[in-house]
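A closer look at the structure
Here's the letter readout for the chains.
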Amino acid sequence: MTTDDPAARLAGVLAEIERARKLAGRPDAVQLIAVSKTHAADAIEPLIAIGQRAFGENRVQEAQAKWPALREQHPDIRLALIGQLQSNKAADAVALFDQIHSLDRPSLVAAIARAMESGKRPDCFVQVNIGDETQKGGCAVADLPALLAEARGANLPVTGLMAIPPADVEPAPYFALLAKLARDHGLAGLSMGMSSDYPTAVTLGATHVRVGSALFGARA
Ligand SMILES: *Cc1c(COP(=O)(O)O)cnc(C)c1O
């Protein structure tokens, strides 16, 4: 199934997204975020060369080391932070990223709001711990209304919800629940779906899928 050719991998993932989007009768677009964490520039460049422009990283420092040089050559690249964010890195994250998918607690709302006084205002997705798993990041489903109110009160550009369903179980019910929560709160963005389940996520309304290993191969 996998191939060593990045162009073939990208074409395959884009075709799967299209197939799922049409199956669901969706007229809207789905953004593919290529998750490049742990991969060096020489693995990323082939995807840029064939037109991929949205990338995701889970660590601020790693992204700071990799992306400024790549962006200098391709200023239209858009970067999403998909990993947990420490409040003391909020200013760096706001400066570097175009989207933050891991807003998950009130202290981070405050730190991001302060960082946005710079004038840079990346779109924010609130990460929800959709399976209520103790070890997982994201705000509890029960805490979502309060966190959203806080983020909106701080004038953050909150555009959607993000979640990672529990591992090794059917993800569809969790995707459906995240879609319902987004609808209930008037949010259009839905960041859900990874290499193992992005077609299902698209069928259930994902507007952003975060795909790593299906594009880059397994991580070390
Ligand atoms: C690593 C990661 C992904 C991509 O995972 P793959 O299974 O390699 O597609 C997506 N979302 C988040 C939050 C991640 O940390």
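Our subject is the structure listed above.
Now for a look at the structure at hand. As the structure is a computational prediction, the values presented were derived from the model and not from experiment.

1. A look at the site of the ligand
Near the ligand you find V35, K37, I82, M162, I164, M194, S195, R210, V211, G212, S213 and R219, and these make up its full shell. In the model, an oxygen atom of the ligand is placed 2.8 Å from a nitrogen or oxygen of the S213 main chain. Taking R219, its side chain carries an N or O atom lying 2.7 Å from an oxygen atom of the ligand. Computed on the free molecule, the ligand has an accessible area of 390 Å², of which 89% lies beneath the protein chains in the complex.

2. Digging into the packing of aromatic side chains
Tallied over the full model, the rule gives 1 aromatic pair. With a centroid separation of 4.9 Å and 40° between ring planes, the pair formed by F55 and W67 is classed as tilted. A residue pair is termed long-range when its members are at least 10 positions apart, and F55 in strand 2 (residues 54-57) and W67 in helix 3 (residues 60-73) qualify at 12 residues. For the pair F55 and W67, one class covers both residues: buried.

3. Remarks on the packing of helix 2 (residues 41-49) against helix 3
Where helix 2 contacts helix 3, the axes come no closer than 11 Å and their chain directions differ by 35°. Note on packing geometry: the crossing formed by helix 2 with helix 3 is right-handed. Here A41, I44, E45 and I48 of helix 2 come into contact with helix 3, specifically with K66, W67 and L70. Of the residues that constitute the contact of helix 2 with helix 3, the class distribution is 5 nonpolar, no polar and 2 charged.

4. Some words on the environment of M194
Here M194 is to be found in the loop between strand 8 (189-191) and helix 8 (198-203). Looking at M194, the relative accessible area reads 33%, which means it is partly exposed. Apart from the residues lying within four places of it in its own chain, the contact partners of M194 are I164, R210 and V211.

5. Looking at the pairing of strand 9 (residues 208-211)
Alternating positions in strand 9 separate into two faces, H208 and R210 on one and V209 and V211 on the other, with burial throughout. Bridge count between strand 1 (residues 31-35) and strand 9: 4 bridges; the pairing is parallel. For Q31, the partnering residue across the bridge sits in strand 9 and is H208.

6. Some points on the pattern of salt bridges
Across all of its chains, the model carries 12 salt bridges by this definition. Between K22 and E18 there is a salt bridge; the shortest N-O distance is 3.7 Å. Separated by 4 residues within a single helix, K22 and E18 lie in helix 1 (residues 6-23), roughly one turn from each other. The exposure class of K22 is exposed, given its relative accessible area of 58%. Judged by relative accessible area, which is 30%, E18 ranks as partly exposed. The shortest N-O distance in the salt bridge between K66 and E62 comes to 2.9 Å. A residue pair is termed a helical-turn pair when its members lie 3 or 4 positions apart in one helix, as K66 and E62 do in helix 3 at 4 residues. A single salt-bridge network, built from bridges that share partners, covers E57, R59, E62 and K66.

7. What to know about the nonpolar core
Looking at soluble globular proteins, one finds that nonpolar side chains tend to be buried together. In terms of nonpolar packing, the biggest core is built from 61 residues, with F55 and I112 touching the most fellow members. With near-sequence residues (within four places) excluded, F55 lies in contact with I33, A34, S36, I44, L47, I48, W67, I77, R78, L79, A80 and F216.

8. Section: the pairing of strand 7 (residues 158-162)
Among the 5 residues in strand 7, 4 count as buried, and that is most of the element. Of the strand pairs in this sheet, strand 7 and strand 8 are connected by 3 bridges, and their pairing is parallel. Opposite L161, over in strand 8, you have L190 as the bridge partner. Following the backbone out of strand 7, through helix 7 (residues 172-184) and into the adjacent parallel strand 8, one traces a crossover that is right-handed.

9. A short note on the side chain of D197
Tracing the sequence through the fold places D197 in the loop between strand 8 and helix 8. As a buried residue without a salt bridge, D197 has its nearest oppositely charged side chain in R210, at a separation of 7.1 Å. Within the local environment of D197, its side chain forms a polar contact with the backbone nitrogen of M194, the two atoms lying 2.6 Å apart. Among residues more than four places away in sequence, those in contact with D197 are P165, P171 and F175.

Parameters at a glance
Residues numbered from 1 in each chain as written. Predicted model: local features only at pLDDT ≥ 70, side-chain atom pairs only at ≥ 80, totals over all residues. Heavy atoms only, no water. Near = heavy atom within 4 Å. Polar contact = N/O pair within 3.5 Å; in protein donor to acceptor, adjacent residues only side chain to side chain. Areas by Shrake-Rupley, 256 points an atom, 1.4 Å probe, with all protein chains shown as cover. Phe/Tyr/Trp six-rings, centres within 6.5 Å; stacked < 30°, edge-to-face > 60°. Helix = DSSP H or I, 4+ residues; strand = E, 2+ residues; numbered from the N terminus. Buried < 20%, exposed > 50% of the residue type's maximum accessible area, 1.4 Å probe, protein only. Axes fitted to C-alpha atoms, helices over the stretch in contact; angles between N-to-C directions. Left-handed = near helix turned anticlockwise from the far one by under 90°. Contact = heavy atoms within 4.5 Å. Nonpolar A, V, L, I, M, F, W, Y, C, P; charged D, E, K, R; others polar. Pairing = 2+ DSSP bridges. Salt bridge = Lys/Arg side-chain N within 4 Å of Asp/Glu carboxyl O. Core = buried A, V, L, I, M, F, W, Y, C linked by side-chain atoms within 4.5 Å. Right-handed = clockwise from strand over helix to strand, strands pointing away. Lys, Arg positive; Asp, Glu negative; His and termini not counted.

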